[in-house]
Amino acid sequence: MREGEFDIIQRYFTASKRAPRKDVLLSVGDDCAVTELNRNQHLAITTDTMVEGVHFLPSIRPADLAYKAVASNLSDLAAMGAEPAWMSLALTIPNIDHAWLTEFSESFFSILDHYNVDLIGGDTTRGPLSITITAQGIIAKDKALCRHNANVGDWIYVSGTLGDSAGGLSYLLQGKSAVNSAQEFLIHRHLRPTPRVLLGMALSLTRLASSAIDISDGCVADLTHILERSQCGAVIELDKLPLSAELVSEFGLAQAEQYALSGGEDYELCFTVPDSNKAKLAKALAHIGVNYTCIGQIRAIHPKNKNRIQFQRHGQRVEVEFAGGFDHFK
Ligand code: ADP
Ligand code: MG
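Rules and cut-offs
- Residues numbered from 1 in each chain as written.
- Chains lettered and ligands numbered in written order.
- Predicted model: local features only at pLDDT ≥ 70, side-chain atom pairs only at ≥ 80, totals over all residues.
- Heavy atoms only, no water.
- Helix = DSSP H or I, 4+ residues; strand = E, 2+ residues; numbered from the N terminus.
- Rg over C-alpha atoms; globule rule 2.2 N^0.38 Å.
- Contact = heavy atoms within 4.5 Å.
- Areas by Shrake-Rupley, 256 points an atom, 1.4 Å probe, with all protein chains shown as cover.
- Lys, Arg positive; Asp, Glu negative; His and termini not counted.
- Charge placed at Lys NZ, Arg CZ, Asp CG, Glu CD.
- Pairing = 2+ DSSP bridges.
- Axes fitted to C-alpha atoms, helices over the stretch in contact; angles between N-to-C directions.
- Buried < 20%, exposed > 50% of the residue type's maximum accessible area, 1.4 Å probe, protein only.
- Polar contact = N/O pair within 3.5 Å; in protein donor to acceptor, adjacent residues only side chain to side chain.
- Near = heavy atom within 4 Å.
- Nonpolar A, V, L, I, M, F, W, Y, C, P; charged D, E, K, R; others polar.
- Phe/Tyr/Trp six-rings, centres within 6.5 Å; stacked < 30°, edge-to-face > 60°.
- Lys NZ or Arg CZ within 6 Å of the ring centre and 35° of its normal.
- Core = buried A, V, L, I, M, F, W, Y, C linked by side-chain atoms within 4.5 Å.
- Domains from an automatic or database assignment.

**Student:** Could you give me a rundown of the overall build of the protein, with the residues and numbers involved?
**Tutor:** Each helix and strand counted, the protein has 9 helices and 13 strands in total. A compact globule built from 330 residues should have a C-alpha radius of gyration of about 20 Å, and the protein, at 20 Å, falls within 12% of that. In terms of principal-axis extent, the alpha carbons of the protein reach across some 55 × 55 × 45 Å. Once local pairs closer than 6 in sequence are excluded, the contacts in the protein between residues at least 24 apart make up 83%. Carbon together with sulfur atoms contributes 52% to the accessible area of the protein, which is approximately 16600 Å² in total. Computed over 30 positive and 38 negative side-chain charges, the inter-centroid distance for the protein is 8 Å.

**Student:** A description of the pairing of strand 2 (residues 33-36) should follow, citing residues and the corresponding values.
**Tutor:** Where strand 1 (residues 24-26) and strand 2 come together, 2 bridges link them in antiparallel fashion. When the bridges of strand 2 are listed, Val-24 appears paired with Thr-35. Count of turn residues in the strand 1/strand 2 antiparallel hairpin: 6 residues, of which Gly-29 carries a positive phi of about 125 degrees. From the end of strand 2 to the start of strand 3 (residues 41-51), which pair antiparallel, there are 4 residues.

**Student:** Break down the sheet that holds strand 1 for me, with residues and values.
**Tutor:** Sheet architecture is open: 6 strands sit in the order 1-2-3-6-4-5, paired in mixed fashion. Only two strands of the sheet have a single neighbouring strand rather than two, namely strand 1 and strand 5 (118-126). Recorded for the sheet is a direction-independent mean angle of 20 degrees between the axes of neighbouring strands. Of the strands in this sheet, strand 1, strand 2, strand 3, strand 4 (83-93) and strand 6 (130-140) are in contact with helix 2 (residues 62-80), which crosses strand 3 at around 145 degrees.

**Student:** An account of helix 5 (residues 181-191) is requested, with residue identities and associated values reported.
**Tutor:** Those residues of helix 5 that fall on the buried side of the exposure criterion are Ala-182, Gln-183, Leu-186, Ile-187, Arg-189, His-190 and Leu-191. In this structure, the buried residues of helix 5 make contact with helix 2, helix 4 (164-173) and helix 8 (245-262). Where helix 5 begins, the capping side chain belongs to Asn-180, and its oxygen is found 3.1 Å from the backbone nitrogen of Ala-182.

**Student:** Talk me through the site of ligand 1; I want residue IDs and the actual numbers.
**Tutor:** Around ligand 1, the neighbouring residues are Phe-6, Ile-9, Phe-13, Val-28, Gly-29, Asp-30, Asp-31, Asp-48, Asp-76, Arg-147 and Ser-216. Separating an oxygen atom of ligand 1 from a backbone N or O atom of Gly-29 is a distance of 2.8 Å. One nitrogen or oxygen atom from the side chain of Asp-76 is found 3.0 Å from an oxygen atom belonging to ligand 1. Split by residue class, the shell around ligand 1 holds 4 nonpolar, 2 polar and 5 charged.

**Student:** Quick one: what's the story with the packing of aromatic side chains, residue by residue and with numbers?
**Tutor:** Using the criterion set out here, one finds 8 aromatic pairs in the structure. Note on Phe-108 and Phe-109: the rings are 5.8 Å apart at their centroids and 85 degrees apart in plane angle, and the pair reads as edge-to-face. The class of Phe-108 is buried, set by a relative accessible area of 2%. Judged by its relative accessible area of 38%, Phe-109 is partly exposed. With centroids separated by 5.3 Å and ring planes inclined at 85 degrees, the aromatic side chains of Phe-251 and Tyr-259 adopt a geometry described as edge-to-face. For Phe-251, a relative accessible area of 22% puts it in the partly exposed group. Put simply, the rings of Trp-100, Phe-104, Phe-108 and Phe-109 pair up and form one aromatic cluster. The positively charged end of Lys-278 is found above the aromatic ring belonging to Trp-155, 4.0 Å away from the centroid.

**Student:** Summarise the nonpolar core; cite the residues concerned and give the values.
**Tutor:** Grouped together as the largest cluster of nonpolar side chains are 61 residues, with contacts concentrated most on Leu-65, Leu-74, Phe-104 and Phe-271. Counting residues per element, this core draws most heavily on helix 2, at 11 residues. The residue makeup of this core includes at least three contributed by each of domain 1 (5-140) and domain 2 (147-317). Residue contacts for Leu-65: discarding those within four places in its chain leaves Met-50, Phe-56, Ile-60, Trp-100, Phe-104, Leu-129 and Ile-131. Core analysis: the next-biggest nonpolar cluster, separate from the first, contains 24 residues, Ile-213, Leu-241, Leu-261 and Val-320 among them.

Right under this line is the structure:
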């Protein structure tokens, strides 16, 4: 297999030679790092970069770009169960364009205000357009939703619907604009994903979930991160995948399923719930404002199978061919 971004992180940026600081509770490898803030609270910290031509098309509107850069960071905080608090913005722009900066900054502050987050610093430089945000949020002590605590028998849930963002992106890549309300919906889902902040906080505060991740690189790729860190496997029931009516009507069931499994940038949460907590979910999540669906279960890794994930359709085992999740170097 070709080297990917995770090989680089693993080889060069995972281990320092000295013993880790005692106040670092979770380091490289999860949606956020977690450090000790005070006796009752922990701090979740995440950084995400967006580069023109890689993460967004040159044609993107500055308001959409600002929204998405913030939303992708909020999504990592949500995956940890953190309450968003502060952001820093490192902005690299090719030239000073006041109309662009006005639209970008208004949209940026609009989403920050919505989540009660303050911009507390950053850096501004000239160069090819790129945006790096560091976001910090607060978690009650020992309540972070990590990737490494899933257990055999836990149920696997995802929020919202999957694959819409990839569907919307396919129109933008062809330079097409929406010709009906379904296409409009899918493009909107790509440009304006909703970070599932309240859901993450509810799962953390109630302790109902054993692990969580946000789906930025595709459901299978991101669930695999949970499975690797938790040293287990899983079964996914294909007929349970939550697909929007818009995605299915525009692309058909087979393509919609592909997008749901491997399309990126849904920014939904994937989380695992022990069987003993399953019945309590409905009450705990009644007022969160997002649907959630059980799509499978954590299993032991089957010694004969190289794949961590088995797929089933209507209870019968099936093989699935699909493109892997997004990796910058593959
Ligand atoms: P996410 O998709 O949740 O934003 P990534 O896949 O980008 O996370 O990164 C995986 C993990 O590796 C994260 O814990 C991230 O903080 C860490 N990481 C990524 N790049 C580096 C780096 N250059 N140095 C240290 N840690 C890194
Ligand atoms: Mg993440």
